[in-house]
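# Inside the fold
The primary structure of each chain is shown beneath.
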Amino acid sequence: MIDRKKFIQLGAAGLGALLATSSRAAVLATSAPQTQQGTVRFGVISDLHFDLMHDAGVRAEQFIAQMNKEKPNFILQLGDFCMPKPENQKLLDIWKKFNGPSYHTLGNHDTDGGFTKAQTIDFWGMQAPYYSFDREGFHFVVLDGNEKSRSTNIPGYPRTIEKEQLDWLRKDLETTKLPTVISCHQGLDNTEGGLSNGMQVRFLFEQINKEAGFKKVILVLSGHHHLNYHNEINGIHYVQINSSSYYWVDESFRNDAFGEDFYKDHKWLRHTLIYEKPLWATIAIDSKKRTIQIEGTETKLLGKDLKETGIDLHKDIYPISTAIDSRRLKY
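Here's what I pulled together on the structure shown here. What you are looking at is a predicted structure, and each value in this text was computed from that prediction instead of being measured.

## Describing helix α1 (residues 56–70)
The first and last C-alpha atoms of α1 sit 21 Å apart over 15 residues, in line with the 21 Å expected at 1.5 Å per residue. Three or more residues of α1 are buried, namely Ala56, Gly57, Arg59, Ala60, Phe63, Ile64 and Met67. Here the buried residues of α1 occupy an arc of 160° about the axis, which is enough to place them on one side. On its buried face, α1 is in contact with β2 (39–45), β3 (74–77), α2 (89–95), β12 (272–274) and β13 (281–286). Within two residues after α1, Lys71 carries a phi angle of roughly 55°, on the positive side.

Okay, structure coming up:
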């Protein structure tokens, strides 16, 4: 079922293939002022896995309750949210309790069970698989990293951004004059398991910044990997938002945090490290101070302590963590 740890390295082919042409993807209209001086604050959560986690609804409720207390400008989820099944409407009902705008990013598991991308988009109320919007003097781009490569046979789930979306992305970034935040389910800076053409997309961001003459693309957020790290590559910050729920180990690992009856009903959770409390982050960006302030959360595992599990905590290069680190970044 879950084979996302079996990956091949990123390819770098086709760096010159990005052409500035028009496309069909939706750009969401807002009333945000078109200014490069502003402050925006938003909540972000990733990899809730409502179809897998026994208590995902409770985790979602806790996130929404906290966001309604903090009152950010909007909230964003980074994928692996839920499949478009009628019984999952209860998760959307929880999500809609947030008193403000909310946005979705497609994850690879959101079309499990034979569902199509179009069905998930319709169920969540998205306008398109990839899109952009403006808030408080900032531009936000939500990418769809789940396209099948037309040039390379990549095993496992599709994890490419193909030419049509790349062309739209270039056009969108060239058009905006605002500092820009990118979100994509898969990481663009992972040697294993991220976008198959992550280097190509990063190169596009760097070219956009060079052509603009200022730091236009400032931050890239991803989920998918259930890890907690930050990279700065050629002046752009890449931040991985840890799963709200768990870390998948592999099918050889057997967790004993719950009794046998529990694992009969939730067999895949036998092979995971389950977080005691949900993880999420609140991100504030100040274009005057040129700062990105990430306020993260932390928890512990249900059952054994992380160091007592006996697994290699660096099996994914970046260490396994039960936190989303708080960070203050400059751009």
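## Overview of the sheet that holds strand β4 (residues 102–104)
Taken in spatial order, the 6 strands make up an open sheet running β4-β3-β2-β13-β14-β15, and their pairing is mixed. A strand with exactly one partner marks an edge of an open sheet, and here the two such strands are β4 and β15 (327–330). Direction aside, the axes of adjacent strands within the sheet are offset by 20° on average. The pairing of β2 with β13 spans 6 bridges and is antiparallel.

## Here's the deal with the environment of Gln186
Mapping Gln186 onto the fold places it in the loop between β7 (180–184) and α5 (198–212). Counting along the chain gives 80 residues from Gln186 to Leu106, while the straight-line C-alpha distance between them is 9.7 Å. Excluding residues within four positions of it along the chain, Gln186 makes contact with Asn108, Gly145, Asn146, Pro158, Arg159, Gly194, Leu195, Ser222, His224 and His225. Engagement of the side chain of Gln186 in a polar contact is seen with the side chain of Asn146, the distance being 2.8 Å.

## Some points on the nonpolar core
Ranked by size, the top nonpolar core spans 70 residues in total, and within it Leu219, Leu221, Leu273, Ile283, Ile285 and Ile292 carry the most contacts. Here this core takes 5 residues from α1, the largest share from any one element. Excluding its chain neighbours within four sequence positions, the residues that come into contact with Ile283 are Val40, Arg41, Phe42, Val44, Leu219, Leu221, Ile292, Gln293 and Ile294. Listed in part, the 20 residues of the second largest apolar core include Val141, Trp168, Leu169 and Cys184.

Reading the values: rules and limits
Residues numbered from 1 in each chain as written. Predicted model: local features only at pLDDT ≥ 70, side-chain atom pairs only at ≥ 80, totals over all residues. Heavy atoms only, no water. Helix = DSSP H or I, 4+ residues; strand = E, 2+ residues; numbered from the N terminus. Expected span 1.5 Å × (residues − 1). Buried < 20%, exposed > 50% of the residue type's maximum accessible area, 1.4 Å probe, protein only. Arc of directions from axis to C-beta. Contact = heavy atoms within 4.5 Å. Pairing = 2+ DSSP bridges. Axes fitted to C-alpha atoms, helices over the stretch in contact; angles between N-to-C directions. Polar contact = N/O pair within 3.5 Å; in protein donor to acceptor, adjacent residues only side chain to side chain. Core = buried A, V, L, I, M, F, W, Y, C linked by side-chain atoms within 4.5 Å.

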